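# Observations on the model geometry
Residue-level listing of the chains:
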Amino acid sequence: MSKKTFIFDLDGVIVDTAKYHFLAWQRLAAQIGIEFTPEHNEQLKGVSRVRSLDLILALGNIEATQTQKNEWLLQKNTEYLTYIEEMDESEILPGVMQVLEYLKQHKQNIVLGSASKNAKPILEKAKIMHYFDAIVDGNDVSNAKPDPEVFLQGAKKVNDIAENCIVFEDSVAGIQAANLANMISIGIGETNVLHEADYIFNDFTFIDLSFIENLINEKCV
Ligand code: B16
Ligand code: MG
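Residues numbered from 1 in each chain as written. Chains lettered and ligands numbered in written order. Predicted model: local features only at pLDDT ≥ 70, side-chain atom pairs only at ≥ 80, totals over all residues. Heavy atoms only, no water.

## Concerning the coordination of the magnesium ion (ligand 2)
- Distances from the magnesium ion (ligand 2) to its protein donors, namely Asp9 (OD), Asp11 (O) and Asp170 (OD), fall within the range 2.0 to 2.2 Å.
- Sequence spacing of the donor residues for the magnesium ion (ligand 2), all on one chain, is D-x1-D-x158-D. A residue pair is termed long-range when its members are at least 10 positions apart, and aspartate 11 in the loop between strand 1 (5–8) and helix 1 (18–32) and aspartate 170 in the loop between strand 4 (165–169) and helix 8 (172–180) qualify at 159 residues.
- Looking at aspartate 11, the relative accessible area reads 17%, which means it is buried. (Donors = N, O, S within 2.8 Å, 3.2 Å for Na, K, Ca; no water. Helix = DSSP H or I, 4+ residues; strand = E, 2+ residues; numbered from the N terminus. Buried < 20%, exposed > 50% of the residue type's maximum accessible area, 1.4 Å probe, protein only.)

## Examining the environment of valine 47
- When you line up the elements, valine 47 lands in the loop between helix 2 (38–42) and helix 3 (49–59).
- What makes valine 47 partly exposed here is its relative accessible area of 25%.
- For the pair valine 47 and glycine 174, spaced 127 residues apart in the sequence, the C-alpha separation amounts to 9.1 Å.
- Setting aside chain neighbours within four positions, we find valine 47 in contact with Ser52 and Leu55. (Contact = heavy atoms within 4.5 Å.)

## Topic: the sheet that holds strand 1
- Spatial strand order, 3-2-1-4-5-6: six strands in an open sheet with parallel pairing. The sheet is open, and its two borders are formed by strand 3 (134–136) and strand 6 (199–201), each paired with just one other strand. Geometrically, the sheet is characterised by an average inter-axis angle of 20° between neighbouring strands, direction not taken into account.
- As paired elements, strand 1 and strand 4 share four bridges and run parallel to each other. Paired with phenylalanine 8 across the two strands is phenylalanine 168, which belongs to strand 4.
- Across the sheet, helix 5 (residues 96–105) touches strand 1 and strand 2 (109–113), and the angle it forms with strand 1 is around 155°.
- This element, helix 7 (residues 149–157), spans strand 1, strand 2, strand 3 and strand 4 of the sheet and lies at about 160° to strand 3. (Pairing = 2+ DSSP bridges. Axes fitted to C-alpha atoms, helices over the stretch in contact; angles between N-to-C directions.)

Here is the structure:
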């Protein structure tokens, strides 16, 4: 069997932390006087913390000083971390473990490519840190998705070339980043949202292990 590099996004692919981001952003938005709905939250998927705040402030046409923004960012993250603190492996999304296990057994590279600066504590809480050969998160990159930097850094960390990498992503920006990196993109979510992906599955329970086996054995381009 050949060796490929499988890069996983975190929020929305491995765990459903979007609901916690939502609760924390919603409380902050309400405090500032902005209505923040689940639909708005959709637009923050895969988007960095700083950019997320800017998008929320734009909803309410609010301008703020950098000092004020930093305070709000800290407040949001402090609340978000209280939810993360309570997390455990039961919050791993259905079907993910089966794929991680298969890749590990078949000695494939497994890499994390996330925009989150909280990726490591989340992996620890979910008790799956040991599956990953490399981690690239929001602390490592300077250019957010759709810039391919996060995935290119991931490939580099395991000494692989981009054409040998497969990316699992739930956000449009993440799929675009994978495509720009010349990697195979697999969208996890809805077809009408992630239509730019090479393959799309509703969730990991729809991924057959024979599909993963074919990806592993597919020749590099
Ligand atoms: P943090 P991903 C992203 O993670 C989330 O989808 C996005 O909603 C969040 O704002 C971003 O991480 C930053 O998260 O505040 O924890 O640094 O999907 O790229 O794994
Ligand atoms: Mg995501």
